[in-house]
Amino acid sequence: MRLSKLMMACAMCVVALAGSAQTKVIAHRGYWKCEGSAQNSIASLTKAAEAKVYGSEFDVQMTKDREIVVNHDDSIQGICIFDTPFAGLKALKLSNGETLPTLDDYLETGKKLADIQLILEIKPHRTKEAENEAVKIIVDKVKKRQMEKQVEYISFSMNICEQLVRLTPDSEIAYLKSDVAPEDLKAKGINGIDYYVKVLAEKPEWIAEAQRAGMKVNVWTVNDMEMVREMINRKVDYITTDYPLETGKLIQGN
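Below is a short write-up of the structure. All values derive from a computational prediction rather than experimental measurement. (Residues numbered from 1 in each chain as written. Predicted model: local features only at pLDDT ≥ 70, side-chain atom pairs only at ≥ 80, totals over all residues. Heavy atoms only, no water.)

### Observations concerning the overall build of the chain
So, point 1. Along the backbone of the chain there are 10 helices and 11 strands.
So, point 2. For the C-alpha atoms alone, the extent of the chain along its principal axes is close to 65 × 40 × 35 Å.
So, point 3. Counting across all 254 residues of the chain, residues that qualify as buried make up 51%.
So, point 4. For the chain, the proportion of contacts with a sequence separation of at least 24, taken over those separated by at least 6, is 55%.
So, point 5. Carbon together with sulfur atoms contributes 53% to the accessible area of the chain, which is approximately 12,500 Å² in total.
So, point 6. Across the chain, the 34 positively charged side chains and the 37 negatively charged ones have centroids separated by 4 Å. (Helix = DSSP H or I, 4+ residues; strand = E, 2+ residues; numbered from the N terminus. Buried < 20%, exposed > 50% of the residue type's maximum accessible area, 1.4 Å probe, protein only. Contact = heavy atoms within 4.5 Å. Areas by Shrake-Rupley, 256 points an atom, 1.4 Å probe, with all protein chains shown as cover. Lys, Arg positive; Asp, Glu negative; His and termini not counted. Charge placed at Lys NZ, Arg CZ, Asp CG, Glu CD.)

If you want it as structure tokens, here you go:
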């Protein structure tokens, strides 16, 4: 009986410590609001690592010939990525002069920056079949480089999240759409919520519910410093922001 009570007390202490851990910063599309950088560029990843944030978020899309490229929108310079072979995209320039990066480029650079987590957002694709194919290609690339611990996955697509649970169940996987209770995600094997800041401001009980279930809580995209303070006080695990340095200072001063 005493042993049972002691084990329960220890478990409660672990939960309490997890909930009180300091909030960490994720740079949204990398650290791009600085000289020489651009959203989703290799430079933005490198600069995020130099800023010593927890993670650098980036977005991926699949081309017609099944190359995985790093870009937020499903088109670039008016060209639809999904309908275009990589040969028709590879010379396109980002605003800082870099060419359009591939996931291979990103992973190769990220592996050299071992102190930063790569927060890989897989964008919804046109069909479930395309999503399933993209997830398999992406997971295979990560596993080939033995980067399963460094890469974390997020997506607005429930199907993509479910495929990730199937193919890489030990990875950090978070759902973005902000419309499902944490316990329902946990039941699917999804171990994190990455929700829009206004949703969590209105439903702060989801933060506690997720953390009680052992899930991580991230919030996007928080650029208003008053809202950053509120999320710090709510003890979310991560804040995704376009202002990683300013957010980090608020966390340190809290």
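### Focus on empty space enclosed by the protein
So, point 1. In total, this model carries 1 cavity of 30 Å³ or more according to the counting rule given.
So, point 2. Its boundaries defined by the atoms lining it, the largest cavity holds a volume of some 120 Å³.
So, point 3. What lines the largest cavity is a set of 15 residues, among which Glu 152, Ile 154, Ala 174, Lys 216 and Tyr 238 lie closest to the centre.
So, point 4. Those elements that place two or more of their residues in the lining of the largest cavity are strand E7 (151-155), strand E8 (173-175), strand E9 (192-196) and strand E10 (216-220). (1 Å grid on protein atoms, 1.4 Å probe; cavity = no way out; pocket = protein on both sides within 12 Å on 5 of 7 lines; lining within 4 Å. Points joined across faces, edges and corners; volume = space filled by probe spheres on them.)

### Details of the nonpolar core
So, point 1. Counting residues in each nonpolar core, the largest one holds 59 residues, and the members touching the most others are Val 60, Leu 120, Ile 122, Tyr 153 and Leu 185.
So, point 2. Beyond its immediate sequence surroundings of up to four residues, Leu 120 is in contact with Phe 58, Val 60, Leu 103, Ile 138, Val 151, Glu 152, Tyr 153 and Ile 154. (Core = buried A, V, L, I, M, F, W, Y, C linked by side-chain atoms within 4.5 Å.)

### Quick notes on the environment of Phe 156
So, point 1. Summarising the element assignment, Phe 156 is placed in the loop between E7 and helix H5 (158-167).
So, point 2. Separated by 11 residues in sequence, Phe 156 and Arg 145 place their C-alpha atoms 25 Å apart.
So, point 3. Apart from residues no more than four positions distant in its own chain, Phe 156 is found in contact with Glu 121, Pro 124, Tyr 175, Leu 176, Lys 177 and Trp 220.

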